[in-house]
Amino acid sequence: MAVPKRKTSKSKTRSRRAASWRLREAPRSLCPRCAAAKLPHRVCGQCGWYGGRQALDIA
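Residues numbered from 1 in each chain as written. Predicted model: local features only at pLDDT ≥ 70, side-chain atom pairs only at ≥ 80, totals over all residues. Heavy atoms only, no water.

Engineer: For this particular structure, what's the right way to read the overall build of the chain?
Structural biologist: Secondary structure summary: the chain contains 1 helix and 4 strands in total. Listing each helix as α and each strand as β along the chain from the N terminus yields α-β-β-β-β. Computed over its C-alpha atoms, the radius of gyration of the chain comes to 23 Å, more than 25% above the 10 Å expected for a compact globule of 59 residues. Taking the principal axes of the C-alpha coordinates as reference, the chain spans close to 65 × 25 × 15 Å. For the chain, the computed accessible surface area is about 5800 Å², with 54% contributed by carbon and sulfur atoms. (Helix = DSSP H or I, 4+ residues; strand = E, 2+ residues; numbered from the N terminus. Rg over C-alpha atoms; globule rule 2.2 N^0.38 Å. Areas by Shrake-Rupley, 256 points an atom, 1.4 Å probe, with all protein chains shown as cover.)

Engineer: Sorry if this is basic, but what is going on with the confidence of the model for the chain here?
Structural biologist: Segments scoring low in pLDDT should not have their predicted coordinates read at a detailed level. Scored by pLDDT, the chain comes out at a mean of 93, with 100% of its residues at no less than 70. Considering each helix and strand of the chain separately, the mean pLDDT is smallest for strand β4 (residues 53-54), with a value of 93, and largest for strand β2 (residues 37-38), with 96. (pLDDT = per-residue confidence, 0-100.)

Engineer: When you look at unusual backbone geometry in this model, what are you seeing that I'm missing?
Structural biologist: Positive phi values are uncommon outside glycine, yet A35 reaches one of about 65 degrees. Relative to the assigned elements, A35 resides in the loop between β1 (29-30) and β2. Phi is positive for H41, close to 60 degrees, though the residue is something other than glycine. Given the relative accessible area of 67%, H41 is considered exposed. (Buried < 20%, exposed > 50% of the residue type's maximum accessible area, 1.4 Å probe, protein only.)

Engineer: I would appreciate a short explanation of the side chain of K38 in the present structure.
Structural biologist: Tracing the chain through its elements places K38 in strand β2. No salt bridge is formed by the buried K38. Its closest oppositely charged neighbour is E25, at 15 Å. Here R42 takes part through its backbone oxygen, which lies 3.2 Å from a polar atom of the side chain of K38. With sequence-adjacent residues up to four places away left out, K38 is seen in contact with P27, R28, S29, C31 and C44. (Lys, Arg positive; Asp, Glu negative; His and termini not counted. Salt bridge = Lys/Arg side-chain N within 4 Å of Asp/Glu carboxyl O. Polar contact = N/O pair within 3.5 Å; in protein donor to acceptor, adjacent residues only side chain to side chain. Contact = heavy atoms within 4.5 Å.)

Engineer: What's the story with the state of the cysteines in this structure? I'm lost.
Structural biologist: Note on terminology: a disulfide is the covalent bond linking the sulfur atoms of two cysteines. In total, this model carries 0 disulfides according to the counting rule given. For the unlinked cysteine C47, the closest cysteine sulfur is that of C31, found at 3.7 Å. Judged by its relative accessible area of 13%, C47 falls in the buried class. (Disulfide = S-S within 2.5 Å.)

And the structure:
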């Protein structure tokens, strides 16, 4: 049976756990109608279009 030769330090353990706490940049896509940056699979906030049709009436 494999046994660790040395105790894993607190900093090693904590840095391994902290890797999943990183904040990642949200994914972005361009609206095909107005070319504004938007979140994927969401209605465009600038023109209100989604999936080739107008989903919201933006005044």
